[in-house]
Amino acid sequence: MRNFHVTRRRMLRSAAAGGLAAAAASGVIGAARAQSAQKTFVLVSGTYCGGWIWRRVTDRLEQSGHKVFAPSLTGLAERSHLLSKDVNLDTHIADVVNLIKWESLENVCLVAWSYAGFIGSGALESIGGRVSSIVWLDAFLPTDGQKVPDLSVEAVRNAVQSAVEAGKAGFGPPKFGVTAVAERDQPFVQSKATAHPVGTYLQAVKLSGALEKVAKKTYIRLPKFPQPVFDKALADCKGNQSWATFELSDVGHMAMLDAPDRLSELILQAA
């Protein structure tokens, strides 16, 4: 029988090779785990804004391996050339519904900010079965038959009425102050914000309670932005055990710009 002489160098090479194989296997397992933990987010923006406002959050979520969609609704941002009197609440709801249907999205975390509380609530009537969690960020929580002006401050109601009387297709945008966004980002926001389709504020939302059927629900309030209707929404959610609630007291209404790290973490936690 042949005698094998195993040198120390050969033993070290063999151990190193084994370590590399183990590391590779570990990497595959880690990648598999990361893949299995991948989540899908649809981020819906508010009045005057588009998908651009979510970019800092979108980047963070995508860098963590998640799938993210931040659509600009019809008539806003890069779709502002589609602004017309024909754009109404149903149009914006269809924007979200059709995105989710045509992209074949399932187990979605739907994030609605501000005005988008109306859009998200309406969209859930059609695609609630595809949504596993929702996050309402300083957002309206409408009831059946309400219009956006029913829950808006007087200045917004006046702007809508003035646009209607002037026969305009859109209204705004206003000048954004520090309660909306930090001073450093105000020029950026003013350069991107566009007039909002007035028809979306004139149509009542049709709801049957699909939102309440979503398994995981989170409401995030940004009290630096004074808005009694959002305070009431937070209080209502606190009184409902099916909702988790959070407050970011030092962050403006545009939290996705003011505090993208903290907001991304909360959204991930809520998904």
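A short tour of the structure in this document, coming up. Every value quoted in this text rests on a predicted model; they were computed, and no experiment measured them.

With that out of the way, let us pick up the overall build of the protein chain. Assigned secondary structure in the protein chain consists of 10 helices and eight strands. Expressed as a percentage of the 271 residues in the protein chain, the buried residues total 47%. Taking as baseline every contact in the protein chain between residues at least 6 positions apart, the subset at least 24 positions apart corresponds to 77%. Just so you have it, the protein chain exposes about 13500 Å², and 52% of that area is on carbon and sulfur atoms.

All told, the structure shown has 11 salt bridges when counted by the stated rule. Of the charged contacts, one joins D59 and R55 as a salt bridge, the two residues approaching to 2.9 Å between their closest N and O atoms. In this pair, D59 and R55 are both assigned in helix 2 (residues 55–63), four residues apart and thus about one turn of the helix distant. The shortest N-O distance in the salt bridge between R130 and E106 comes to 3.5 Å. Within this pair, whereas R130 is found in the loop between helix 4 (116–127) and strand 4 (131–137), its partner E106 is found in the loop between helix 3 (89–102) and strand 3 (108–113), the two being separated by 24 residues in sequence. According to the relative accessible area criterion, E106 is partly exposed, its value standing at 44%. Counted as one network, the salt bridges with shared partners bring together R56, R184 and D185.

An order of 2-1-3-4-7-8 is seen for the six strands of this open sheet, with the pairing classed as parallel. Edge positions in the sheet fall to strand 2 (67–69) and strand 8 (243–247), since each has one partner strand and no second. Here the strands of the sheet are splayed against their neighbours by 15° on average, with no regard to which way each runs. The sheet contacts of helix 10 (residues 260–270) involve strand 1 (40–44), strand 3, strand 4, strand 7 (216–221) and strand 8, and relative to strand 7 the element is tilted by about 160°.

Okay, the packing of helix 2 against helix 10 next. Where helix 2 contacts helix 10, the axes come no closer than 9 Å and their chain directions differ by 55°. With respect to each other, helix 2 and helix 10 are oriented oblique. When the axes of helix 2 and helix 10 are compared, the crossing they make is right-handed. Side by side, helix 2 and helix 10 meet where R56, V57, R60 and L61 of the first sit next to P260, D261, L263, S264, I267 and L268 of the second. Classifying every residue of the contact of helix 2 with helix 10 gives six nonpolar, one polar and three charged.

Here we take up the pairing of strand 4. Counting buried residues along strand 4, six of its seven residues qualify, which places the element largely inside the surrounding structure. In the sheet, strand 3 pairs with strand 4 via six bridges, with the strands oriented parallel. Bridging across to strand 4, C109 finds its partner in S133. Handedness of the crossover joining strand 3 and strand 4 through helix 4 is recorded here as right-handed. Looking at chain direction, strand 4 and strand 7 are connected through five bridges and run parallel.

Bringing the layout of surface pockets into the picture now. Of the pockets and cavities examined, the largest pocket occupies roughly 500 Å³. Y48, V156, P174, F225 and Q227 are the residues nearest the centre of the largest pocket, which is lined by 27 residues in total. With three residues, helix 6 (residues 154–165) is the largest single contributor of residues to the lining of the largest pocket. Here the lining of the largest pocket is built from residues that sort into 17 nonpolar, nine polar and one charged.

Along the chain, the position of Q186 falls in helix 7 (residues 186–192). Given a relative accessible area of 15%, Q186 falls into the buried group. The residues contacting Q186, other than those within four sequence positions of it, are F176, G177, V178 and V181.

Note on helix geometry: an α-helix contains 3.6 residues per turn, so any two residues three or four positions apart are oriented the same way. With 12 residues, helix 6 extends 16 Å between its outermost C-alpha atoms, agreeing within 8% with the 16 Å of an ideal straight helix rising 1.5 Å per residue. Of the residues flanking the end of helix 6, it is G167, one or two places downstream, whose phi is positive at about 70°.

Reading guide: rules and limits
- Residues numbered from 1 in each chain as written.
- Predicted model: local features only at pLDDT ≥ 70, side-chain atom pairs only at ≥ 80, totals over all residues.
- Heavy atoms only, no water.
- Helix = DSSP H or I, 4+ residues; strand = E, 2+ residues; numbered from the N terminus.
- Buried < 20%, exposed > 50% of the residue type's maximum accessible area, 1.4 Å probe, protein only.
- Contact = heavy atoms within 4.5 Å.
- Areas by Shrake-Rupley, 256 points an atom, 1.4 Å probe, with all protein chains shown as cover.
- Salt bridge = Lys/Arg side-chain N within 4 Å of Asp/Glu carboxyl O.
- Pairing = 2+ DSSP bridges.
- Axes fitted to C-alpha atoms, helices over the stretch in contact; angles between N-to-C directions.
- Parallel < 35°, antiparallel > 145°, perpendicular 65-115°, else oblique.
- Left-handed = near helix turned anticlockwise from the far one by under 90°.
- Nonpolar A, V, L, I, M, F, W, Y, C, P; charged D, E, K, R; others polar.
- Right-handed = clockwise from strand over helix to strand, strands pointing away.
- 1 Å grid on protein atoms, 1.4 Å probe; cavity = no way out; pocket = protein on both sides within 12 Å on 5 of 7 lines; lining within 4 Å.
- Points joined across faces, edges and corners; volume = space filled by probe spheres on them.
- Expected span 1.5 Å × (residues − 1).

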